[in-house]
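# Architecture and fold: a report
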Amino acid sequence: MAMRKGELDSITITRPDDMHLHLRDGAALMDIVSYSAAVFGRAIIMPNLKKPIIKAAQAWGYYETIRAAVKYHGLGLNFEPLMTLYLTDSTTPADIREAKASKLVYGVKLYPAGATTNSENGVTQMKYAAPALAEMEKIGMPLLVHGEVTDPAVDIFDREQVFIDKVLIPLMIRFPFLRIVMEHITTKEAVQFVRGERSHVGATITAHHLLENRNAIFKGGIRPHYYCLPILKREVHRQALVEAATSGDTHFFLGTDSAPHAKGAKEAACGCAGCFTAPAALELYVEAFDSMGKLDKLEGFASHHGADFYGLPRNTGTVTLVREAWKVPDEVSFGDNVVVPFRAGEMMQWKMQ
Ligand code: NCD
Ligand code: ZN
């Protein structure tokens, strides 16, 4: 069913899941967790804490911390953190088996060393990760990929595309049954690649990559709150992402990559990468789908495809959004600091009920 932009004034969908989320730890976690927990049924929790989550026992501890924070905010029963491990050069097959046995860990995250925030302990050469990857392929543990090469000689806007050719394709030839999620895809090449694969490969797409192109980073001056990794790309890529997300293709699902950093860590001479979209996450996706007249495709993308990929039951409750203006806060508490949300101080046209 095709709809005209702006045709509906309210939309109700099955409670969605956020299949890529950074919640951080400590007081910062306490301050931000309810933005996600109030909306999403479950979230795949990224393991790139300052001390990364590399063992099942740590994942269990972090799970307990998140659950306690959610409970503190009175949202205890509504939100299930789906934990992940951080792949390193020394992750063993036994680590993978323990993660699987924990029944808390749903994926293992590949950060090429140096690719992004807290990735120093990531994989330096894929050959070191081979024993762990073989085990993951055997037992059906998904590999969640930050798909960018780290070679400083490769242009930052080309790093995803080069990763597909140089790292991902060889990896998939070596481990043909490995379940893979290409996280936060940003290019038409990634869309094409994922679309051509069988259902054991999927991809998350963020709201900010659906709504913005790289001009946003430089509009009237340098804008650190639009800087994330993988970096925003040209308009042609944004359009390919929007087409993929709103197409109904089950390879593609919602993952916000909401990644808060303290205001001072972003508004700096060398600012951190990451957009804090959680305070308006679902509303931002609704805006993107509405702009295409494709609100009817939102539920599959936000609430069905990700759950199906991970072999989870779909959520049972619903969420409703209405066409109503509200203003994104200028700042949100973040432990001893504050964090500036994506679209801070700007008006949103859709609101969670
Ligand atoms: C993320 C973060 O800050 O943890 N930053 C980002 O720009 N997306 C890391 C990541 O997912 O790359
Ligand atoms: Zn991320």
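Before reading on, note that the structure itself is shown above.
All residue numbers refer to positions counted from 1 along the written sequence of the respective chain. Starting at A for chains and at 1 for ligands, labels are handed out in the order in which the entities are written. This being a predicted model, a pLDDT of at least 70 is required before a residue's local features are given, and a value of 80 or more before pairs of side-chain atoms are given or counted; all residues contribute to the totals for chains, interfaces and linings. The side-chain quantities take in all heavy atoms of the structure and omit both hydrogens and water.

This next bit is on the sheet that holds strand β6 (residues 143-145). Strands are treated as partners if at least two bridges between them are detected by DSSP. Comment: elements are numbered from the N terminus, with helices defined as DSSP H or I runs of at least four residues and strands as E runs of at least two. Strand order in this open sheet of 8 strands is β2-β3-β4-β5-β6-β7-β8-β9, and the pairing throughout is parallel. Both edges of this open sheet fall to β2 (17-21) and β9 (252-254), since each of them pairs with a single strand only. Mean inter-strand twist for the sheet, computed between neighbouring axes without regard to direction, equals 30 degrees. Pairing geometry for strand β5 (residues 105-110) and β6, over 3 bridges, is parallel. Looking at the pairing, Leu110 lines up with Val145 of β6. Two residues qualify as a contact provided that any one of their heavy atoms is within 4.5 Å of a heavy atom in the partner residue. Interaxial angles span 0 to 180 degrees and are taken between N-to-C directions of axes, which are lines fitted to C-alpha atoms, for helices over the stretch in contact. Its contacts with the sheet put helix α5 (residues 159-174) on β5, β6, β7 (180-182) and β8 (201-205), and the angle it makes with β7 is roughly 175 degrees.

We now examine the side chain of Thr84. Relative to the elements of secondary structure, Thr84 occurs in strand β4 (residues 80-86). Using a relative accessible area of 1% as the deciding quantity, one classes Thr84 as buried. A polar contact of 2.6 Å, which involves the side chain of Thr84, links it to the backbone oxygen of Ile45. In this structure, Thr84 is in contact with Ile44, Ile45, Met46, Pro47, Ile53, Val105, Gly107 and Leu144, ignoring residues within four places of it in sequence. Note on exposure labels: buried denotes an accessible area under 20% of the residue type's maximum, exposed denotes more than 50%, and partly exposed covers the range between, all computed with a 1.4 Å probe on protein chains only. Two N or O atoms form a polar contact when they lie within 3.5 Å of each other; inside protein one atom must be a possible hydrogen donor and the other a possible acceptor, and for residues adjacent in sequence the pair counts only when both atoms belong to side chains.

Our focus in this paragraph is the nonpolar core. Generally speaking, nonpolar side chains in soluble globular proteins are found buried as a group. Nonpolar cores are built from buried Ala, Val, Leu, Ile, Met, Phe, Trp, Tyr and Cys residues. Side-chain atoms within 4.5 Å join them into one set. In terms of nonpolar packing, the biggest core is built from 105 residues, with Ile66 and Leu143 touching the most fellow members. Counting residues in hydrophobic clusters, the runner-up holds 13 residues, among them Ile44, Met46, Leu144 and Phe309.

One heavy atom within 4 Å of a molecule or strand is enough for the residue carrying it to be called near that molecule or strand. Among the 15 residues in the neighbourhood of ligand 1, the closest are listed as Asn48, Thr116, Leu229, Asp257 and His261. The side chain of Arg24 places a nitrogen or oxygen atom 2.8 Å from an oxygen atom of ligand 1. In the environment of ligand 1, a nitrogen atom lies 3.2 Å from a nitrogen or oxygen atom belonging to the backbone of Ala273. Compared with its free state, where it exposes 320 Å², ligand 1 has 100% of that area covered by protein. Calculation of accessible area relied on Shrake-Rupley with a 1.4 Å probe; when residues are assessed, cover is drawn exclusively from the protein chains displayed.

Moving on, we get to the packing of α5 against helix α6 (residues 188-195). The geometry of α5 relative to α6 is characterised by a closest axis approach of 9 Å and an angle of 25 degrees between their N-to-C directions. On the basis of their axis angle, the class for α5 and α6 is roughly parallel. Handedness of the α5/α6 crossing: right-handed. Residues Glu160, Gln161, Ile164, Leu168, Ile169 and Met172 of α5 pack against Glu189, Ala190 and Phe193 of α6. Three classes are used, and their members are as follows: Ala, Val, Leu, Ile, Met, Phe, Trp, Tyr, Cys and Pro are nonpolar, Asp, Glu, Lys and Arg are charged, and the others, Gly among them, are polar. Partitioned by chemical class, the residues of the contact of α5 with α6 number 6 nonpolar, 1 polar and 2 charged. Each angle gets one of four labels, with under 35 degrees taken as roughly parallel, over 145 as roughly antiparallel, 65 to 115 as roughly perpendicular, and the rest as oblique. Crossings are assigned a handedness: left-handed for a near helix turned anticlockwise from the far helix by less than a right angle, right-handed for a clockwise turn.

With that settled, consider the coordination of the zinc ion (ligand 2). Donor criterion used throughout: N, O or S atom within 2.8 Å of the metal, extended to 3.2 Å for Na, K and Ca. Water excluded; incomplete-looking sites may result. Around the zinc ion (ligand 2), the protein supplies His20 (NE2), His22 (NE2) and Asp257 (OD) as donor atoms, at distances of 2.0 to 2.1 Å. Irregular is the default label, applied whenever a site is not tetrahedral (four donors, all angles between 85 and 135 degrees) and neither square planar nor octahedral (four or six donors, opposite donors over 155 degrees apart, all other angles between 65 and 115). Given 4 donor atoms and angles of 92 to 138 degrees at the metal, the environment of the zinc ion (ligand 2) is assigned as irregular. Taken in chain order, the donor set of the zinc ion (ligand 2) reads H-x1-H-x234-D. Of the two residues, His20 is situated in strand β2 and Asp257 in the loop between β9 and α9 (263-266); the sequence distance between them amounts to 237 residues. Judged on exposure class, the residue His20 and its partner Asp257 are both buried.

This part takes up the environment of Pro142. Here Pro142 shows up in the loop between α4 (126-139) and β6. Its relative accessible area of 6% is what places Pro142 among the buried residues. Taking the C-alpha atoms as reference points, Pro142 and Leu241, separated by 99 residues in sequence, lie 22 Å from one another.

Let's shift gears to the packing of α6 against helix α8 (residues 235-245). Where α6 meets α8, the closest approach of the two axes is 8 Å, and the angle between their N-to-C directions is 30 degrees. Looking at the two axes, α6 sits roughly parallel to α8. Residues Lys188, Glu189, Val191 and Arg195 of α6 form the contact with α8, whose own contacting residues are Val236, His237, Ala240, Leu241, Glu243 and Ala244. A per-class count over the contact of α6 with α8 returns 5 nonpolar, 1 polar and 4 charged.

In this section: unusual backbone geometry. Of note, the amide linkage connecting Leu229 to Pro230 takes the cis form, showing an omega dihedral of -10 degrees. Positioned with a positive phi, Asn118 is a non-glycine residue whose angle comes to about 50 degrees. The residue Asn118 is located in the loop between β5 and α4 in this model. Positioned with a positive phi, His184 is a non-glycine residue whose angle comes to about 35 degrees. Inspection of the secondary structure puts His184 in the loop between β7 and α6.

An α-helical turn contains 3.6 residues, so a residue and the one three or four places further along point in the same direction. Inspection of α8 places His237, Ala240, Leu241, Val242, Ala244 and Ala245 among the buried residues, and these make up the whole buried set. If you follow the buried residues of α8, they end up packed against α6, β8, α7 (207-211), β9, α10 (281-291) and α11 (298-309).

Tracing the chain through its elements places Lys233 in the loop between α7 and α8. For the pair Lys233 and Pro176, spaced 57 residues apart in the sequence, the C-alpha separation amounts to 29 Å. With near-sequence residues (within four places) excluded, Lys233 lies in contact with Phe157, Thr186, Thr187, Asn213 and Arg214. Within the structure, the side chain of Lys233 is placed 2.9 Å from the side chain of Thr186, a separation counted as a polar contact.

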